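# Descriptive structure summary
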Amino acid sequence: IGTRLLQAAIGLPERVATIRLDATPAGLAVYRKLGFAEEYELSRQETRVAERISCEDAGAARRMTEGDLDEVCALDAPVFGAERRAMLHWMREGSPEYAWVLPGAKGAAGYCLGRRGFDFHHLGPIVAESPAAARQLLVACLREQVGTPFLVDAPALPSDASRGGWLQTIADLGFREQRRLTRMFLGAHPFPGQPEKQFAILGPEFG
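Residues numbered from 1 in each chain as written. Predicted model: local features only at pLDDT ≥ 70, side-chain atom pairs only at ≥ 80, totals over all residues. Heavy atoms only, no water.

Looking only at helices and strands, the protein features 6 helices and 9 strands. Counting only C-alpha atoms, the protein reaches 50 × 35 × 35 Å along its principal axes. Counting across all 207 residues of the protein, residues that qualify as buried make up 46%. At a minimum sequence separation of 6, the contacts of the protein that also span at least 24 residues come to 77%. (Helix = DSSP H or I, 4+ residues; strand = E, 2+ residues; numbered from the N terminus. Buried < 20%, exposed > 50% of the residue type's maximum accessible area, 1.4 Å probe, protein only. Contact = heavy atoms within 4.5 Å.)

Turning to the pairing of strand β7 (residues 149–156), a few remarks are in order. With 8 of 8 residues buried, β7 is to be regarded as a mostly interior element. Here β7 shows a buried face lined by P149, L151, D153 and P155 and a second buried face lined by F150, V152, A154 and A156. As defined by bridge partners, strand β2 (residues 37–48) adjoins β7 across 8 bridges and the pair is classed as antiparallel. Bridge pairing in β7 places S43 opposite A154. Of the crossover connections in this fold, the one passing from strand β6 (residues 121–128) over helix α5 (residues 131–142) to the parallel β7 is right-handed. (Pairing = 2+ DSSP bridges. Right-handed = clockwise from strand over helix to strand, strands pointing away.)

With that settled, consider the nonpolar core. Among the nonpolar cores identified, the biggest contains 31 residues, and L123, L138, L142, V152 and F175 are the most heavily contacted of them. When contributions to this core are tallied by element, the ones reaching two or more residues are β4 (100–104), β5 (107–115), β6, α5, β7, α6 (166–172) and β9 (198–200). Per-element tally for this core: the top contributor is α5, with 8 residues. If sequence neighbours within four positions are ignored, L123 has contacts with Y98, L113, G114, L138, C141, L142, F150, L151, V152, A200 and I201. Membership of the second largest hydrophobic core comes to 15 residues, among which are M64, L75, V79 and V101. (Core = buried A, V, L, I, M, F, W, Y, C linked by side-chain atoms within 4.5 Å.)

Now for the environment of I53. Along the chain, I53 falls in the loop between β2 and β3 (62–63). Judged by relative accessible area, I53 falls into the buried class, the value being 14%. Along the primary structure I53 and A8 are separated by 45 residues, whereas in three dimensions their C-alpha atoms are 49 Å apart. Discounting residues that sit within four places of it in the chain, I53 has contacts with V139, L142 and R143.

Take unusual backbone geometry next. Along the chain, G124 connects to P125 via a cis peptide bond; the corresponding omega equals 5 degrees. As for its position among the elements, P125 is in strand β6. The phi angle at R15 is positive, at roughly 55 degrees, despite the residue not being glycine. Relative to the elements of secondary structure, R15 occurs in the loop between α1 (2–10) and β1 (18–23). Overall, the relative accessible area of 81% leaves R15 in the exposed class.

On to the packing of helix α3 (residues 69–80) against helix α4 (residues 85–94). Packing of α3 against α4 leaves a shortest axis separation of 10 Å and a crossing angle of 130 degrees. Viewed along their axes, α3 and α4 adopt a mutual orientation that is oblique. Relative to α4, the crossing made by α3 is right-handed. Judged by residue contacts, L69, D70, V72, C73 and D76 of α3 engage R85, L88 and H89 from α4. Of the residues contributing to the contact of α3 with α4, the split by class is 4 nonpolar, 1 polar and 3 charged. (Axes fitted to C-alpha atoms, helices over the stretch in contact; angles between N-to-C directions. Parallel < 35°, antiparallel > 145°, perpendicular 65-115°, else oblique. Left-handed = near helix turned anticlockwise from the far one by under 90°. Nonpolar A, V, L, I, M, F, W, Y, C, P; charged D, E, K, R; others polar.)

Below is the structure:
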């Protein structure tokens, strides 16, 4: 039944080059049979902030304002692989306490957004030019949230070592892995984005 439903859904979009999804381990074999190819894994990490983090660890990260949105979108579009200004605006408006930006020499060097949830608050997307910038943004979000439970969905790339061991950075901040998902696509894939600069996604339910 699940396969028939998915086949029907695949046939709905017209003139769409790529269909993408994030597969659970149970669904991986089903999607492979339908022609989906694997991109990379996502590691869902969870934590409950145990203590206040030093302000110095947040570096130059500051609260994001509406005026920052142009620079944030200019950074985000090539990394994500598509323009999503409306989504980023909605995120900032909905949870301004998790909206942070890191100024750079030529616009934003990184940004972080988040949203509130029932069991966990979710941080992401986190997009940055470097692992150090991503860490500053994550720390800025966490440092005043003692006792709050958080989730982060982080790309687990084969090249993680070249990004400064991002998953280890998350672990050092108190996160532990909850589960893994696999990002997959069907059809041509002309706009893969730059996953090496995406340190957390918005969430599997959003893409």
